[in-house]
Structure formats: structure tokens, C-alpha cells
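Coordinates in review
One-letter residues, chain by chain:
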Amino acid sequence: MGIVSPGFTGRRSGSDLPPGQYLTRDFPVLSAGPTPRILPEHWEFSITTETGEVHKWDWQAFLQLPSEEITRDIHCVTRWSKLQSEWKGVSLDTLFADVETGADFVMAHSYGGYTTNLPLEDLLDGQAWIAYEFEGEPLGAEHGGPARLLVPHLYFWKSAKWVRGLALSDSDDLGFWESAGYHEYGDPWKEQRYAGD
Amino acid sequence: MTADVPTHLDGNAAAGALSEVFAVDLTAATGRCNGCGHTGVFAEARLYADAPGLVARCPGCEDVLLRVVTTPTDTYVDLRGLTYLRVPNA
Ligand SMILES: [Zn+2]
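Being a predicted model, the structure only gives us computed values, none of them experimental.

1. Some details on the overall build of chain B
The helix and strand tally for chain B stands at one helix and eight strands. Counted from the first residue to the last, chain B has its helices and strands arranged as β-α-β-β-β-β-β-β-β. For 90 residues, the compact-globule formula gives about 12 Å, and the C-alpha radius of gyration of chain B, at 13 Å, lands near that figure. Projecting the C-alpha coordinates of chain B onto the three principal axes gives extents of approximately 40 × 35 × 20 Å.

2. Some remarks on the interface of chain A and chain B
In this assembly, 19 residues from chain A lie in contact with 19 residues from chain B. Contact between chain A and chain B buries roughly 1700 Å² in total, counting both sides, with carbon and sulfur atoms accounting for 63%. There are zero salt bridges connecting chain A and chain B. Between chain A and chain B we count six residue pairs in polar contact (both at pLDDT 80 or more) in total. For the side of chain A that touches chain B, the residue count by class is 11 nonpolar, six polar and two charged.

3. Here we look at the sheet that holds strand 2 (residues 30-33) of chain B
Residues and elements named next belong to chain B. One open sheet holds the three strands; their spatial order is 3-2-8, and the pairing between them is antiparallel. The open sheet has two free edges, formed respectively by strand 3 (39-41) and strand 8 (82-86), since each of these has just one partner strand. Within the sheet, the average angular offset between the axes of one strand and its neighbour, ignoring direction, is 20 degrees. Relative to strand 3, strand 2 runs antiparallel, the two sharing three bridges. Opposite R32, over in strand 3, you have T39 as the bridge partner.

4. Let's talk about the confidence of the model for chain B
When pLDDT drops low, the exact placement of atoms in the prediction is not to be read closely. Residues and elements named next belong to chain B. For chain B, per-residue confidence averages 86 on the pLDDT scale, and residues scoring 70 or more make up 90% of the total. Model confidence for chain B, summarised as mean pLDDT per element, is weakest for helix 1 (residues 12-18) at 73 and strongest for strand 2 at 95. For this predicted complex, the interface confidence comes out at an ipTM of 0.84, alongside a pTM of 0.88.

5. Observations regarding unusual backbone geometry
Residue and element names in this part refer to chain A. The peptide bond linking G145 to P146 adopts the cis configuration, its omega dihedral lying at 10 degrees. Note on placement: P146 falls in the loop between strand 9 (137-138) and strand 10 (148-150). The phi dihedral of D125 falls on the positive side, at around 60 degrees, and the residue is not glycine. In this fold, D125 is placed in the loop between strand 7 (115-119) and strand 8 (129-134). Overall, D125 belongs to the exposed group, its relative accessible area being 68%. Although it is not a glycine, W162 sits at a positive phi angle of roughly 50 degrees. Topologically, W162 is positioned in the loop between strand 10 and strand 11 (163-169).

6. Notes on the coordination of the zinc ion
Residues and elements named next belong to chain B. Protein ligation of the zinc ion involves C33 (SG), C36 (SG), C58 (SG) and C61 (SG), the donor distances falling in the range 2.3 to 2.4 Å. Angles of 104 to 116 degrees at the metal separate the four donor atoms of the zinc ion, which places the site in the tetrahedral class. Spacing between the donor residues of the zinc ion along the chain follows C-x2-C-x21-C-x2-C. Of this pair, C36 sits in the loop between strand 2 and strand 3 while C61 sits in the loop between strand 5 (54-57) and strand 6 (64-70); the two residues are 25 residues apart in sequence, bridging distant segments of the chain.

7. Re the environment of F27 of chain A
All names here are of chain A. Here F27 is to be found in the loop between strand 1 (22-23) and strand 2 (44-48). Judged by relative accessible area, F27 falls into the buried class, the value being 12%. Sequence separation between F27 and A147 is 120 residues, and the spatial gap between their C-alpha atoms is 16 Å.

8. Topic: the sheet that holds strand 11 of chain A
Residue and element names in this part refer to chain A. Spatially, five strands are ordered 3-2-11-6-7 in an open sheet, and the strand pairing comes out mixed. Only two strands of the sheet have a single partner each, and these edge strands are strand 3 (54-58) and strand 7. Pairs of neighbouring strands in the sheet enclose a mean axial angle of 15 degrees, with direction left out of account. Relative to strand 11, strand 2 is paired through three bridges, and the arrangement is parallel. Residue pairing in the sheet places T48 in a bridge with A167 of strand 11.

Parameters at a glance
- Residues numbered from 1 in each chain as written.
- Chains lettered and ligands numbered in written order.
- Predicted model: local features only at pLDDT ≥ 70, side-chain atom pairs only at ≥ 80, totals over all residues.
- Heavy atoms only, no water.
- Helix = DSSP H or I, 4+ residues; strand = E, 2+ residues; numbered from the N terminus.
- Rg over C-alpha atoms; globule rule 2.2 N^0.38 Å.
- Contact = heavy atoms within 4.5 Å.
- Buried area = accessible area lost by both parts, 1.4 Å probe.
- Salt bridge = Lys/Arg side-chain N within 4 Å of Asp/Glu carboxyl O.
- Polar contact = N/O pair within 3.5 Å; in protein donor to acceptor, adjacent residues only side chain to side chain.
- Nonpolar A, V, L, I, M, F, W, Y, C, P; charged D, E, K, R; others polar.
- Pairing = 2+ DSSP bridges.
- Axes fitted to C-alpha atoms, helices over the stretch in contact; angles between N-to-C directions.
- pLDDT = per-residue confidence, 0-100.
- Buried < 20%, exposed > 50% of the residue type's maximum accessible area, 1.4 Å probe, protein only.
- Donors = N, O, S within 2.8 Å, 3.2 Å for Na, K, Ca; no water.
- Tetrahedral: all angles 85-135°; square planar, octahedral: opposite > 155°, others 65-115°.

Here it is, written out as C-alpha cells:
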């Protein structure tokens with residue numbers, strides 16, 4: 001064992017891309033269904049705890065929360081990666097500030113019915129946002145606008161487009177792709193694409 | 001075709017992907033949607049392929065009828081959105 005951890009050298013030696021990924025400069029649109037068209041005035045985002053307590057924000061209340069500029073690499077399981085993508089959004093630390101929970105797991109729910117599961121600890125400590133701008137523009141519907149989940153350290157299917165709520169749970173349930181063969185966690189650096197990887 | 005209108009194919013496009021799983025002609029099959037009860041030939045389904053897997057949706061209510069994910073070792077087929085798939089006997 002050297003001084004530098006294997007994870008660190010593995011990540012930055014030679015390439016900034018996780019294994020099996022290629023670089024793209026555009027922003028491919030992947031869709032498992034029709035694009036939901038949610039007007040901001042009809043948009044609502046909620047966090048529901050394991051005891052059923054609901055915390056809700058409408059668009060106006062959401063925009064009044066402190067926002068952050070976020071620059072991160074993103075990695076899609078279909079093998080494209082985009083480096084230094086620029087977003088604006090509200091940190092989930094801000095949204096969870098008044099949420100009391102002992103749950104370990106979260107199911108993200110989207111307009112249109114999409115779901116994806118994540119450990120709560122992956123959404124906190126500056127790792128995840130509800131993003132509503134991409135490269136200085138309001139987030140387009142094709143990319144999940146008005147607002148999407150952004151969890152850049154996991155494969156991008158975890159960054160649910162058109163997110164409308166997070167449900168906390170004591171049980172680790174599987175979301176849309178996770179229940180059909182994709183990995184339950186999805187760490188691109190460990191190439192966790194499929195169940196069992 | 002514009003970027004914000006995801007394109008979908010017709011259900012026939014799923015027949016190829018499923019031919020290794022089902023030894024039947026899916027294009028001739030009839031399916032009933034678990035969501036709205038719409039019953040029609042599977043070829044009428046709307047197939048979304050620009051995604052981590054194939055997703056066939058009901059032409060009536062857009063609920064998911066079927067999902068297929070192909071991994072390097074296995075093919076996952078999720079039929080939970082279909083009440084039934086009716087296949088004519090050969
Ligand atoms: Zn239907």
C-alpha cells in the first residue's frame with residue numbers, strides 16, 4: 001500500500017472518465033416515455049418521511065431557497081460521459097434541513113411515473129441537488145425541466161428527470177431501471193451497471 | 001423529429017429483441033393493458049428505445065406494458081404492465 005489510496009490513483013491516472021465510458025460534448029436525450037410538460041405554476045416538490053410527514057414546496061417557495069452553482073462530470077450508463085457540466089439548483093441539504101428521519105433509503109418519484117432508488121446518505125453532504133438551470137438556461141423539459149434530481153457521482157439514471165418528490169423508507173426498494181436488471185447503487189467508478197456487477 | 005419529442009417506434013421493433021426469449025411471433029400477439037384495459041395487437045404499442053432498456057407503452061394510457069433490459073449475460077423481461085399477452089396457436 002502506498003500513501004495515495006488506490007481509489008485516488010485509479011480515478012485520476014490518465015483519464016477523467018470512469019471505465020467503459022466515452023466523452024461526449026452534446027447532451028443526449030434518453031427517454032423511456034413521453035416528455036411530461038409541467039408548468040412551473042403546477043409544479044410541486046415534496047419530501048415524505050417514513051412516518052408520512054410531508055414537506056412541500058411550490059415553484060415560488062422553491063426558487064426562494066438558496067441556490068448553488070454546480071459544475072460536475074456526469075456519466076450515463078449508456079456509456080457517454082460529459083465533463084464539467086454546469087447546473088444551478090438547490091442542495092438537498094437545504095431541502096432536508098427541517099426533515100426529521102431515521103430512514104436510510106429514498107425513492108425518487110417523477111412526473112410521468114419514473115422512479116429511482118438511492119441511499120439517503122448519497123443525497124446529503126453536498127452530493128445532490130434539485131437542479132433547474134443547465135448551462136445558464138432554464139432546464140428544458142427534454143432534460144427533465146422544470147427541475148430534476150442531480151446526483152452526479154452515480155450513473156445518470158439516478159438523476160431523475162421531472163422529479164416531483166422523494167419518499168423516505170426503511171426498506172431498500174428498487175426503482176424503474178433497478179427492478180429490471182440495472183444495479184441498485186450505480187457507482188460509475190466501480191462500473192456498477194447491472195445487478196450483480 | 002425534434003429533441004424534446006422523444007421518438008418512439010412501433011411495437012414491431014420489440015419483436016427482434018424478444019425473439020430470443022419468446023419463440024412466438026410477437027407482432028401477431030394481442031396484449032391487454034393492466035392500466036386502462038386497452039386491448040390491441042402488440043404492434044400498436046409505443047416503443048421507446050433511446051433509453052437504458054426497451055420500454056413499450058400503451059397507446060391508450062401510456063402506462064408501461066413491457067420492459068426489456070439486455071445485459072452482457074442476461075435479458076430481463078418485465079411484463080407486469082400486461083394483463084395478458086394472447087398469442088395465436090400455430
Ligand atoms: Zn393503457
